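An overview of the molecular structure
This is what each chain is made of:
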Amino acid sequence: MRTAERAEKSTEKIEESERAAAEREARELKKRVGENLARLRRQRGLSLEKLASLSGVSRAMLGQIEAGESTPTIALLWKIARGLDVRFADLLGDEESAEIEILPVSRAKILRSADGGFESRALFPFDRKRRAEFYELRIRGGHVEHAVAHPEGTYENLIVHSGRLRLTVGDREPIELRAGDAVYFRADVPHIYENPTSRDTIMYLVMTYAEPRL
């Protein structure tokens, strides 16, 4: 077998292994979200109908998520978290973290918008004591992501790593940000992330909550 052929087969095996790992993680995440949603809803004594009213997510969709039959998008999870009055991470968490925990990129928890134009990668373990969360955000060129209002008193601290960002907070005028620029704002109002260029924008986000959650 020629060297080029061996290299090609090796690359194919690596890609196949990466796809299998991503699919496995997606299945585990879907199952975990469903279990957490059912537990948190029961703890609050909420029916599916009541949570649907509070979150703006249909009863049918909530039932599918709880049953592990549907993978929720970032926007849906934010709505559900707001309806339950919990942190975003409470819907994704599994167990408390150790004193030191490495988070390999190969096992990263990545959530995507419905069209894949917006990605959120958690850069922290999902423990139950955390009042701040750390994310890497990627916005495809030309994509506009509408974020729902987070729980009252939530703040976001964003820094643009590469590319450009047009940020609209509530009914204020859009803010233009370039690589290296940072912004801190109250995020308990609807806000919009927009990439006005043709290239991907990468940002880092620290989110802080007003009061301890679960």
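Here's what I pulled together on the structure shown here. (Residues numbered from 1 in each chain as written. Predicted model: local features only at pLDDT ≥ 70, side-chain atom pairs only at ≥ 80, totals over all residues. Heavy atoms only, no water.)

As a further point, take the sheet that holds strand β5 (residues 155-162). With antiparallel pairing, the six strands of this open sheet are ordered in space as β1-β2-β3-β10-β5-β8. Each of the sheet's edge strands pairs with one partner strand only, and the pair in question is β1 (110-112) and β8 (182-186). Neighbour to neighbour, the strand axes of the sheet diverge by 25° on average, direction disregarded. In terms of strand pairing, β5 meets β8 through five bridges, oriented antiparallel. Within β8, the residue paired with Asn157 across the bridge is Tyr184. (Pairing = 2+ DSSP bridges. Helix = DSSP H or I, 4+ residues; strand = E, 2+ residues; numbered from the N terminus. Axes fitted to C-alpha atoms, helices over the stretch in contact; angles between N-to-C directions.)

Turning to empty space enclosed by the protein, a few remarks are in order. Gaps left between atoms are located by rolling a probe of water-molecule size over the structure's atoms. All told, the structure shown has one cavity of 30 Å³ or more when counted by the stated rule. Along the wall of the largest cavity there are 17 residues; nearest its centre are Ile74, Trp78, Phe118, Ala147 and Tyr193. Mapped onto the lining of the largest cavity, the elements with two or more residues apiece are α4 (74-84), β2 (118-122), β3 (132-139), β4 (144-147) and β10 (201-208). Looking at side-chain class alone, the lining of the largest cavity contains 12 nonpolar, three polar and two charged residues. (1 Å grid on protein atoms, 1.4 Å probe; cavity = no way out; pocket = protein on both sides within 12 Å on 5 of 7 lines; lining within 4 Å. Points joined across faces, edges and corners; volume = space filled by probe spheres on them. Nonpolar A, V, L, I, M, F, W, Y, C, P; charged D, E, K, R; others polar.)

Let us look at the pattern of salt bridges. Opposite charge on two side chains permits pairing when their charged atoms draw close. Using the criterion set out here, one finds 11 salt bridges in the structure. Salt-bridge contacts for Glu194 lead to Arg166; the nearest nitrogen and oxygen are separated by 3.1 Å. Placement of the pair is Glu194 in strand β9 (residues 191-194) and Arg166 in strand β6 (residues 164-169), with a sequence separation of 28 residues. You can call Arg166 partly exposed: its relative accessible area is 23%. A salt bridge links Arg186 to Asp188, with the shortest nitrogen-to-oxygen separation between them at 2.7 Å. (Salt bridge = Lys/Arg side-chain N within 4 Å of Asp/Glu carboxyl O. Buried < 20%, exposed > 50% of the residue type's maximum accessible area, 1.4 Å probe, protein only.)

A few words on the packing of aromatic side chains. Scanning the model with the defined rule gives four aromatic pairs in all. For the pair Phe134 and Tyr204, a centre-to-centre distance of 6.2 Å together with 40° between the ring planes defines the contact as tilted. A residue pair is termed long-range when its members are at least 10 positions apart, and Phe134 in strand β3 and Tyr204 in strand β10 qualify at 70 residues. Taking the relative accessible area as the measure of exposure, Phe134 reaches 35% and is therefore partly exposed. Judged by centre distance (5.1 Å) and plane angle (10°), the ring pair of Tyr155 and Tyr184 falls under stacked. On the criterion of sequence distance, the pair formed by Tyr155 in strand β5 and Tyr184 in strand β8 is long-range, its members being 29 residues apart. Here Tyr184 falls in the exposed class, since its relative accessible area comes to 53%. (Phe/Tyr/Trp six-rings, centres within 6.5 Å; stacked < 30°, edge-to-face > 60°.)

Moving on, we get to unusual backbone geometry. Notably, Asp85 is not glycine yet its phi reads approximately 60°, a positive angle. When you line up the elements, Asp85 lands in the loop between α4 and β1. For Asp85, a relative accessible area of 44% puts it in the partly exposed group.

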